[in-house]
Amino acid sequence: MMTAIFKAKCGRICGSCMTLLVKREPIFPTFPDRYCYQGNQGCRNFSTSRRRPFIMKAWQLTEYGSNKNFRFTDNAPMPPIIYPNQIVVQVCAASVNPLDVMMREGYGASILNRQRDPTGVLPFMEPNVNELPLVLGRDCSGIVMETGLNVKEYKPGEEVWVAVNPYKMGTHAEFVLVTNSEISHKPKSLTHVQAASIPYSGLTAWASLVTQGGLNEKTAKGKRVLVLGGSGGVGTFAVQLLKAWDAHVTTTCSRDAIPMMTSLGADDIINYQAQDVKEQLKRVDKFDLILDGIGGDTEKYLFSTDYLKPWAGAKYVTLRTPLLKNADSLGLTDGLLKSGMSLAGNAVKGLASGIHYRWGFFTPDGMALDKMASLVDRGKIRPVIDRVFTFDQLPAAYEKVEQGHARGKTVISIAEKRTEIDDSSSFTSIIHA
């Protein structure tokens, strides 16, 4: 009997069983045919990437630590389409988020690596293989290059904006691979640089206010909301979203950010540098929701009926959760257990007083991006950009974010030519563009 040799063809999958296709090539050539690993002979319903370059430019993190561990390469592997719901996007601009800086140092590696390898068998099968080098970056604006067979909503050449799953990252490169649940058509009124400033921070605010806070365009009207840290990326979007929904917004910021927060529509602004925030907040009416983007000691005193309306469904939503930190320091199991006990303890404490405690997380959501794009094109939400860097200045962009005291977002221009935006871009030049 003749022995057949099977060779896997990268980037091709069976449309029936979703396994990689192989091409059967007998030692003595006869009539080769295509098979999947489940034996579906002659299957024609498969996804394949057309011929294109296989390498790209990217900033890779070679080991966790500081900026000195970033390496620029023009020989990074280009992501191939493997599944029919995947899309390759050319990145025109991407943002740098505080979480990118933290992950550069290894924050969250324990949980995120488990998400990359849910079975946990890779270290045993390939002891010398790990997640490094990594391409960081969580969101971007760009152009669709190619799509899987099941993608019907997007065509090559269309402009889109993207926010990828936390364990994937990868937008600080020329191309990124996404699924159709992580993508939406870019607002027509924005350039790529402007659009790149919104997806990650916008979806973080959206998940915190809508999913955890229970607010939407119908329920937010007249609600009193406190946004702590209003001048950052999440804060500037949250304030604008709440005002678009007719909520009453109070926010905290430093003195020099007050004009910006006033332009965004905040009703009451507290300068934390000149006033005792606790005492100032006690002089105003209690809140229906507090969005905490600062963390630290603020949770200890603000999560109480001194500031939240008791027995009225009021919620305290914090973005500074201990989950990833605990998993890194204690290991996955103990870290999850300790985090769960912390969450449950605060929840029980709140229930006794008639208030609710929630964790706010970024959640990729293409439908939410659609709604956000509509708000942007209607003029309800505007991009707030602190500074723009070129692709070769990426380490400097990380340093800028690491310094804190943001006035909006830090953006990297990768493939889009500079127009009115340069390295000295300010809130004023962007907000009134």
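Everything below is about the structure shown above.
Basis of the calculations
- Residue positions are counted from 1 within each chain, in the order its sequence is given.
- A pLDDT threshold of at least 70 governs which residues receive local features in this predicted model, and a stricter bar of 80 or more applies before side-chain atom pairs are shown or counted, although totals over entire chains, interfaces and linings include all residues.
- Calculated side-chain values reflect all of the structure's heavy atoms, with hydrogen atoms and water omitted.
- Here, a salt bridge means any side-chain nitrogen of Lys or Arg that lies within 4 Å of a carboxyl oxygen of Asp or Glu.
- Each helix corresponds to a stretch of at least 4 residues labelled H or I by DSSP, and each strand to a stretch of at least 2 residues labelled E; elements are numbered beginning at the N terminus.
- In this scheme, a residue with accessible area under 20% of its type's maximum is buried, one over 50% is exposed, and one in between is partly exposed, where area comes from a 1.4 Å probe on protein chains only.

Undergrad: Please give an account of the pattern of salt bridges that cites residues and values.
TA: By the definition in use, this model includes nine salt bridges. One salt bridge connects D100 with R138, and the closest N-O pair in it is separated by 3.9 Å. Of the two residues, D100 sits in helix α1 (residues 98-104) while R138 sits in the loop between α3 (122-125) and β8 (139-147), which places them 38 residues apart along the sequence. Taking the relative accessible area as the measure of exposure, D100 reaches 0% and is therefore buried. Of the residues examined, R138 reaches a relative accessible area of 1% and is grouped as buried. The residue K168 makes a salt bridge to E182 at a minimum N-O spacing of 2.8 Å. Residue K168 is found in the loop between β9 (159-163) and β10 (175-179), and its partner E182 is found in the loop between β10 and β11 (183-185); the two are separated by 14 residues along the sequence. Accessibility expressed as a relative area gives 0% for E182, which makes it buried. One network of salt bridges, with partners in common, ties together R104, E105 and E402.

Undergrad: So what's going on with unusual backbone geometry? Which residues, and what values?
TA: Although it is not a glycine, D246 sits at a positive phi angle of roughly 65 degrees. Positionally, D246 belongs in the loop between α6 (233-244) and β13 (248-253). In this model, W311 sits at a positive phi of 55 degrees, which is unusual for a non-glycine residue. Residue position: W311 is located in the loop between α9 (298-302) and β16 (315-318). Owing to a relative accessible area of 66%, W311 belongs among the exposed residues under this scheme.

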